[in-house]
Amino acid sequence: MGLLDVCCAFKMSVKAFELVPAVERELLMGDKARINIECIECCGKHLYVGTNDCFIHHFLLEEHATTKGMLSYTVQKLLFKYLGLKKPVEALKAASALERIIVLCDATVSVIDMITLEPVPSGGAKIKGVAAFCVNENPVNGDPFCVEIGVLSARRRTVQIYMVYEDRVQLVKEVNTPEQPCAVSLDGYFLCLALSTQYMILNYSTGAAQDLFPYDSEERKPIVKRIGREEFLLAAPGGLGMFANAEGISQRAPVNWSESVMGAAVCFPYVVALDEGFVTIHSMLDQQLKQTLAFRDGHILQDFEGKVVLASTKAVYVLVPLPLERQIQELLAGHRVEEALALTEGARRNIPKDKFQILHKRILQQAGFIQFGQLQFLEAKEHFRTGQLDVRELISLYPLLLPASSSFARCHPPLHGFADLNHLAQGDQDKLQRCKRFLITYLGEVRSTEGANGCREDVDTALLKLYAEQDHESLLDLLASPNACLLADSAPWLEKHHKYFALGLLYHYNGQDSAALQLWVRVVNGDLQDSTRSDLYEYIVDFLGFCSNPDLVWKYADWALQRDQTIGVQIFTRRPVGQDQVKEQKDQVNPDDVITYLGKHSQALLLYLEHLVLGRRIQKEKLHTHLAVQYTDRVLSLLSQSPPVDQQVSVARDKLQLLLRESSLYRVQLLLGKIQECDQLFLERATLHGKLEEHDKALHILVHQLKDFPAAEAYCVWGSASRDPAYQQSLFHLLLGVYLDRDLPSSTVTGELEMAAVDLLNRHGEVFDAVRVLDLLPEGWSLQLLRPFLGRALRGSMHACRTSQVALGLARSENLQLQHDRLKQRRSPVLVSQKKGCVLCHNTFSEPDCVCLPGGVPVHTHCAAQRVVRDSPTRRQLANSNNHT
């Protein structure tokens, strides 16, 4: 029977295995039609087949790779042996360490030689009355030259544990079971048993038992298969393949296979099951059916060291797993990303770590591109990150985004099947734009991570191009922060999309400020169109204000001032000015040069002088005088207009008056000469006279020419600020004298000036000397008018008197305390003796007379006198004291 007659692909979710013939019918039995295969065993390249006519056949299997990369087998029949019992050979198990084959035939377990197939000479290597047996692949006995087997008795409810040696077998344990066991698997101390009505786990060392779940042995053949350390696969009711560990717990989800399963094996990550007509392959990772193969007359399925072998009644086949990577690639080709990733992750434990990491990264990258093509951008981004994708693989999909100087070449074999983004989008503009928006987001996130190491220029240049093309708001943020955009690639792209302001920023970042300014000026002048910033002129002024190249400042200052002097002058007002204006730093401009340059721009000059004098508080007579002259000329110019604009005049005069009051550095006589002839600037003239200490002239102007009495009082307050009280008093007395000038006509004195004098006294009474005031006042004045002044003067006088009395009392108290302390000091005894020496001359005392230094230290009287003469008076702190011995 050929392979095509035996099997065909029936259903395939993924092609995980291929069925390859190993031993054909003709080689096994020739033309003997009644011979059937009963059992098989495989050990390395050696295949043993037991038949129903009590023969064991020994074959040598050699693997070969075909031209298509698949495995095929060549078979050589080495030997066959008749056991002489005329019964079928029910089971074969190889013990390679012993070079023995354990055989079950006619309810007897015997041991034969693995090479010659001859029975072991000793008669003690047999076990009779056996229904089934299994080999413990995780033995607890540490002897490498024996094999542990579990044996089911054909007539008793027991499981026996034997040790098989080269020439004998030894019973080591017998365990009773509640029902007759019909199938067994052994791992360590744990027996997994199929009884007549249920499965159970039994620890033959402790006797502990754990019931699993029921089943009916009359309806279906039980399956008990060890698949790993302390883990078993069982055929459960309902067509389920159940997993159970030694504790009786299922840590994997069951697989849903056929009700008529007769054999099962595990080839990770797949569970292979054989039923009456098919071989089914389920994934242990997601429990889904992955492949189904038709297989007629099959009745044996076993796995040997990862090799899955099947047998019909007439031939033997090997279920060859396709290479894992090929399986994964087929899943990816079908866009079954999650299955491919699950299969990759599930194979982790079977692949060396370094190889797995390489494979895993590539599969993640491929999965990312599949999901990228399906517009599943969140999933694609996660796979790109986890797979550590070279971001240029993604950028290269977008035409012209990679710089012309980039040396990047796509991965080979390729990670995807897209030529470029246009191929992917197929003319769908919405899809194209969504892909571009994704790349913007992804590049923005990855550019500051390790994913951009070594390709920062490519990443930033691509991001700039996307920003410019999409008119993205982050373009300016990119260029204003540290970046690696290539100027040669980026400049034409920005020009193409009319992003001239951004191009200027790029020029500036690359140290080409002149090119940046030239471009921006053309935009402001209307030669180029770019609506990025409506305040580009103000930005240029601000840029020049902080520009470190003075040549560029002077080059564009005139252009800026011609457009708007008020804004243009900020080029100079925003520049740093050192404390020492004479000392000029490299990136600073000399204020004197600026003032000279601004001579043709009067408004800008005035603003710059205000910046230096009022803003920077620079204390230079030249600057203060220049500003004061500018203010004065401005006021005189406004006053000369016909008619003058009152509001403008008022603002200009306020500035002038403030400067005249606050500054003391300008040239007073110069300014006084400029306004002397103007009969409208009396207040300014009064201030200037005040600066010259000509208070009488100033007050005369304020009182008699302006008749502004509040201004006169304010003048006194201003003129006496930061001066001593006597100066303040004299200034107010001077104003009072102007009010009460007896040389004026009496009617004038008794009119407005009289009321101004009364108001002055009542408001500032504490400043005046009351006695002098009373001498100045006319005799006819009513005391009622001066009541506030007199009351305040009286209270002030009484307060001063009482304050002096309190001070005197405190002084007396302090003096009394000092006298008390002195008396206490004099009463304290000072001890001297002939054994105690003077600290000044170091001689001993011969008589009791002494002088005490501060601290009670006694010295000779003559020594103290000499010290007084020698020291200054401030250091004479000696006191005479009578000694008590």
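Everything in this summary refers to the structure shown in the same document. Since the structure is predicted, the reported quantities are computational estimates derived from the model, not experimental observations.

1. Notes on empty space enclosed by the protein
At step 1: This model, assessed by the stated rule, comprises four cavities of 30 Å³ or more.
At step 2: Here the largest cavity defines a volume of roughly 80 Å³.
At step 3: Every residue lining the largest cavity is listed: Val14, Pro269, Tyr270, Ser283, Leu285, Asp286, Lys290, Leu331, Glu339, Ala342 and Leu343.
At step 4: Among the elements that take part in the lining of the largest cavity, helix H4 (residues 337-346) stands out by supplying three residues, more than any other.
At step 5: Here the residues of the lining of the largest cavity sort into seven nonpolar, one polar and three charged.

2. Details of a nonpolar patch on the surface
At step 1: Taken together, the side chains of Val839, Leu840 and Val857 make up a nonpolar region of the molecular surface, amounting to roughly 190 Å² of accessible area.
At step 2: Considering the arrangement of structural elements, one finds Val839 in the loop between helix H30 (787-827) and strand E30 (850-853).

3. With respect to the pattern of salt bridges
At step 1: Following the criterion strictly, the structure yields 34 salt bridges and no others.
At step 2: Salt bridges sharing partners connect three or more residues here, namely Asp286, Lys290, Arg336 and Glu339.

4. What about the sheet that holds strand E5 (residues 55-65)?
At step 1: Read from one edge to the other, the open sheet built from four strands follows the order E3-E4-E5-E6, with strand pairing classed as antiparallel. Looking at strand neighbours, the two that pair on one side only are strand E3 (37-43) and strand E6 (71-82), the edges of this open sheet. Ignoring strand direction, the axes of neighbouring strands in this sheet form an average angle of 25°.

5. Thoughts on the packing of helix H14 (residues 513-524) against helix H15 (residues 536-545)
At step 1: Where H14 contacts H15, the two axes come as close as 10 Å, and the packing angle between them is 155°. The angle between H14 and H15 places the two elements in the roughly antiparallel class. The two elements H14 and H15 meet at a crossing, and its hand is left-handed. Along the contact surface, H14 presents Asp513, Leu517, Trp520, Val521, Val523 and Val524, while H15 presents Leu536, Tyr537, Tyr539, Ile540, Phe543 and Leu544.

6. Comments concerning the nonpolar core
One recurring pattern in soluble globular proteins: nonpolar side chains tend to sit buried together.
At step 1: Of all hydrophobic cores here, the largest spans 110 residues; its most connected members are Phe372, Leu394, Leu443, Trp520, Phe572 and Leu598.
At step 2: Contacts of Trp520, omitting those with residues within four sequence positions, involve Tyr500, Phe501, Gly504, Leu505, Leu536, Tyr539, Ile540 and Phe543.
At step 3: Formed by 34 residues, the second largest nonpolar core is a distinct cluster that contains Val14, Phe295, Tyr317 and Ile370.

7. Points about the sheet that holds strand E9 (residues 108-113)
At step 1: Ordered in space as E7-E8-E9-E10, the four strands form an open sheet in which the pairing is antiparallel. Looking along the sheet, the strands with just one partner apiece sit at the ends: strand E7 (89-95) and strand E10 (126-128). The sheet shows a mean angle of 20° between the axes of neighbouring strands, direction not considered.
At step 2: Relative to E9, strand E8 (residues 100-105) runs antiparallel, the two being bridged by six bridges. When the sheet's bridge partners are listed, Cys105 is paired in E9 with Thr108.

8. Side note on the side chain of Asn203
At step 1: Within the fold, Asn203 resides in strand E17 (residues 198-203).
At step 2: In this structure Asn203 comes out as buried when scored by relative accessible area, which is 11%.
At step 3: Of the polar contacts made by the side chain of Asn203, one reaches the backbone nitrogen of Thr206; its length is 3.2 Å.
At step 4: Residue contacts for Asn203: discarding those within four places in its chain leaves Tyr189, Phe190 and Ala208.

Conventions and cut-offs
- Residues numbered from 1 in each chain as written.
- Predicted model: local features only at pLDDT ≥ 70, side-chain atom pairs only at ≥ 80, totals over all residues.
- Heavy atoms only, no water.
- 1 Å grid on protein atoms, 1.4 Å probe; cavity = no way out; pocket = protein on both sides within 12 Å on 5 of 7 lines; lining within 4 Å.
- Points joined across faces, edges and corners; volume = space filled by probe spheres on them.
- Helix = DSSP H or I, 4+ residues; strand = E, 2+ residues; numbered from the N terminus.
- Nonpolar A, V, L, I, M, F, W, Y, C, P; charged D, E, K, R; others polar.
- Patch = residues over 30% accessible without salt bridge, like charges linked within 9 Å, V, L, I, M, F, W, Y side chains within 5 Å.
- Areas by Shrake-Rupley, 256 points an atom, 1.4 Å probe, with all protein chains shown as cover.
- Salt bridge = Lys/Arg side-chain N within 4 Å of Asp/Glu carboxyl O.
- Pairing = 2+ DSSP bridges.
- Axes fitted to C-alpha atoms, helices over the stretch in contact; angles between N-to-C directions.
- Parallel < 35°, antiparallel > 145°, perpendicular 65-115°, else oblique.
- Left-handed = near helix turned anticlockwise from the far one by under 90°.
- Contact = heavy atoms within 4.5 Å.
- Core = buried A, V, L, I, M, F, W, Y, C linked by side-chain atoms within 4.5 Å.
- Buried < 20%, exposed > 50% of the residue type's maximum accessible area, 1.4 Å probe, protein only.
- Polar contact = N/O pair within 3.5 Å; in protein donor to acceptor, adjacent residues only side chain to side chain.

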